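# Working through the structure, step by step
In case you want the letters, here they are:
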Number of protein chains: 2
Amino acid sequence: MAPAELDDVLRGASSRRFAAGETVFEQGQLATEFFVLLNGRLKVTQVTPEGQQIVVRMVNSGDLFGIAKALRRPDYPGTATAVVESLVLEWPMANWDSFMRDHPAMAVNAIQTMGGRLQEAHTRMRELATEEVERRIAHAVLRLGQQSGKKEAGCIRIDFPISKQDIAEMTGTTLHTVSRVLTAWETAGLIEGGRQKLLIKEPHKLLLIGDGRMPGLL
Amino acid sequence: MAPAELDDVLRGASSRRFAAGETVFEQGQLATEFFVLLNGRLKVTQVTPEGQQIVVRMVNSGDLFGIAKALRRPDYPGTATAVVESLVLEWPMANWDSFMRDHPAMAVNAIQTMGGRLQEAHTRMRELATEEVERRIAHAVLRLGQQSGKKEAGCIRIDFPISKQDIAEMTGTTLHTVSRVLTAWETAGLIEGGRQKLLIKEPHKLLLIGDGRMPGLL
DNA sequence: CGGATTGTTGAGGATACTCAAGTTAGGTGG
DNA sequence: CCACCTAACTTGAGTATCCTCAACAATCCG
């Protein structure tokens, strides 16, 4: 995008800071803004009518989020919560249509963002539909590592806090089952430091478990 | 879209007919075309490395499909099979970028198509993660009715053949369980004619089951 | 230091899968 | 038009996975 064009786009934006635990927007709220995450980490969750929660996705630096307009919805379909201190850029949703019209590069970008999400959603659907719990957890942990992990000498560090409850809500299982699985993995030396900043010590073995090419430790 | 613009778009297209059971494209194949379904009904499936199949979605008249480019993929991620005789319009994938660039209306359309699919994918994810089998089947059947059913005096007719295997692959369960559930529903008078053209006789009761506000018949 | 949140671990049981054997429906060819 | 054949479905029994319930332990945070 040309610098002049970029200027034009940024002129409409304002930035905001969120502390860990604060929410950027809540499920059901009227969608008055859309956002880009500049820095930090968010999780997007949904609550079912019965009160069960699921984690829809994690938002990483650079990601577009809260684009209810693209889904033709007046409200946000989920809640976005900062898991670490985060900085976001926000635009009035009223700008969305004109942005799409006047900046084809942004439209293409939006399409590709949605394409990526659609693929991930399909992957998770397939996992939920066909895989047993331990494999789903392996895939979820590996995905976290890929999307927001840092390599450290063959290991992968997930450097933001992720609770077992969160992992359960990503994989359609319970806190209890996640605890049992991760304990078994830690005992076998595949991972470490479950509580705050998970370290994947043997990504390769986790991958084997995820693909069902290794027995599983339960 | 202006008639002249539409003409321009249609010039690049060719149409093709598929008999029931024929495939429009197969998973893994190089994506050389994208499509619009003019008439008929398709299902899009994926096969897991272990050989399990899942139904990703049904394609209805007017739907855009096979848009691998929007997902930044060189190949089709799934297989599209005609479930009834179908007519499709196809364009060389090479036209995709120029279409998006030159016809903002098409870009907006593509975004909204993807938005709709993303929402459906999230809904199914949530169902798979939190609901028990009978409720998932209820939701899947109701979704089929909404997307491609015809109202007949308070009932809803799904007028294309749908096997129990297909429903199982939509809901992450087995043929056997689907059979037991549908048999129970048919006995209770909620549905009829499971084999070829399913008739939903009591959509309201199915909705109650889907939402967990009715005991379930297993 | 104390309360709250988060995680651990065990026992028991329900849901839904697997395996297995039969049945029905639908299409095909004689 | 009927007989046959195959694919789709039905139904039962046994069982595995994973959930629920429950009590306790550890960690975090002010």
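Residue numbering note: each chain is counted from 1, following its sequence as written. Chain labels run from A onward and ligand labels from 1 onward, assigned in the order the entries are written. Reporting in this predicted model follows two pLDDT cut-offs: at least 70 for local features of residues, and 80 or more for side-chain atom pairs to be given and counted; totals over whole chains, interfaces and linings ignore these cut-offs and use all residues. Think of the side-chain values as coming from all heavy atoms in the structure, minus any hydrogens and water.

## Focus on the protein's contact with DNA strand D
Near DNA strand D there are 17 residues, and of these V133, T173 and T177 of chain A together with S179 and R180 of chain B occur at the shortest range. Near residues are defined by distance, with any heavy atom within 4 Å of the molecule or strand qualifying the residue. Close to the protein, within 4 Å, the atoms of DNA strand D belong to sugar or phosphate groups at a rate of 70%. The definition of a polar contact used here is a pair of N or O atoms within 3.5 Å, where within protein one atom must be able to donate a hydrogen and the other to accept one, and adjacent residues in sequence count solely through side-chain atom pairs. Between V133 of chain A and DNA strand D, the recorded distance is 2.8 Å, taken from a backbone N or O atom to a phosphate oxygen. T174 of chain A has a polar side-chain atom sitting 3.5 Å from a phosphate oxygen of DNA strand D. Only DSSP runs of H or I covering at least 4 residues are called helices, and only runs of E covering at least 2 are called strands; the numbering of each starts at the N terminus. At the level of elements, α6 (175-187) of chain A together with α5 (164-171) and α6 (175-187) of chain B are the ones that each hand at least two residues to the surface near DNA strand D. Sort the elements by how many residues they give to the surface near DNA strand D and α6 of chain B lands first, with 4 residues. Put simply, Ala, Val, Leu, Ile, Met, Phe, Trp, Tyr, Cys and Pro go in the nonpolar bin, Asp, Glu, Lys and Arg in the charged bin, and everything else, Gly too, in the polar bin. Partitioned by chemical class, the residues of the surface near DNA strand D number 1 nonpolar, 10 polar and 6 charged.

## Thoughts on the protein's contact with DNA strand C
Around DNA strand C, a shell composed of 19 residues is seen, among which S179 of chain A together with V133, T173, T177 and R195 of chain B lie nearest. Counting only the atoms of DNA strand C that lie within 4 Å of the protein, the sugar and phosphate share comes to 69%. A distance of 3.1 Å is found between a phosphate oxygen of DNA strand C and a backbone nitrogen or oxygen belonging to K164 of chain A. Between DNA strand C and the protein, one listed contact pairs a phosphate oxygen with a side-chain N or O atom of T174 of chain B at 3.4 Å. Going through the elements one at a time, α5 (164-171) and α6 of chain A together with α6 of chain B are the ones with two or more residues in the surface near DNA strand C. With 5 residues, α6 of chain A is the single largest residue contributor to the surface near DNA strand C.

## Topic: the relation of the copies chain A and chain B
When the copies are superposed, the least-squares fit takes in the C-alpha atoms of residues with a pLDDT of at least 70 in both. Superposing chain A onto chain B takes a rotation of 180° combined with a translation of 0.0 Å along the rotation axis, leaving an RMSD of 0.0 Å. Such values leave the two copies arranged in the relation of a two-fold axis. Contacts are residue-level and defined by heavy atoms, with any inter-residue pair within 4.5 Å sufficient. Of the interface residues in chain A, 100% have counterparts in chain B that sit at the interface too, so the contact is made through matching surfaces.

## Quick look at the interface of chain A and chain B
Facing the 31 residues of chain A at the interface are 31 residues of chain B. Reported buried area values correspond to the accessible surface (1.4 Å probe) lost by two parts on association, with both partners' losses combined. Between chain A and chain B, roughly 3400 Å² of surface is buried when both sides are summed, and carbon and sulfur atoms account for 67% of that area. By the criterion of area lost to chain B, the three top residues of chain A are I111, L118 and M125 of chain A, representing 19% of everything that side buries. Here, a salt bridge means any side-chain nitrogen of Lys or Arg that lies within 4 Å of a carboxyl oxygen of Asp or Glu. The interface formed by chain A and chain B holds 2 salt bridges in total. R135 of chain B is paired through a salt bridge with E50 of chain A; the nearest N and O atoms lie 3.3 Å apart. The tally of links from chain A across to chain B stands at 10 residue pairs in polar contact (both at pLDDT 80 or more). Of all the elements in the fold, those that place two or more residues in the side of chain A that touches chain B are β4 (53-59) and α3 (104-130) of chain A. Ranked by the residues each element gives to the side of chain A that touches chain B, the list is headed by α3 of chain A, at 17 residues. Broken down by class, the residue content of the side of chain A that touches chain B amounts to 14 nonpolar, 9 polar and 8 charged.

## A word on the pattern of salt bridges
Close approach of charged atoms allows side chains with opposite charge to pair. For the structure shown, the criterion picks out 30 salt bridges over all chains. In this structure, D159 of chain A engages R41 of chain A in a salt bridge whose closest nitrogen and oxygen atoms are separated by 3.7 Å. You can see D159 of chain A sitting in the loop between β8 (155-158) and α5 and its partner R41 of chain A sitting in strand β3 (residues 33-47), a full 118 residues away along the chain. Note that R73 of chain B and D75 of chain B form a salt bridge whose closest N and O atoms lie 3.0 Å from each other.

## Points about the confidence of the model for chain A
pLDDT runs from 0 to 100 and stands for how confident the predictor is about each residue. Taken as a whole, chain A shows an average pLDDT of 94; of its residues, 100% reach a score of 70 or greater. Across chain A, α5 of chain A holds the top mean pLDDT of 98, while helix α1 (residues 3-11) of chain A sits lowest at 86.

## Quick notes on the sheet that holds strand β10 (residues 199-200) of chain A
Hydrogen bonds between backbone groups are what pair the strands of a sheet, and the pairing can be parallel or antiparallel. On the basis of which strands lie adjacent, the open sheet formed by 4 strands has the order β7-β8-β10-β9 (chain A) and antiparallel pairing. One side of each edge strand has no neighbouring strand; the edge strands of this open sheet are β7 (149-152) and β9 (191-192) of chain A. DSSP bridges decide pairing: two strands pair if at least two such bridges lie between them.

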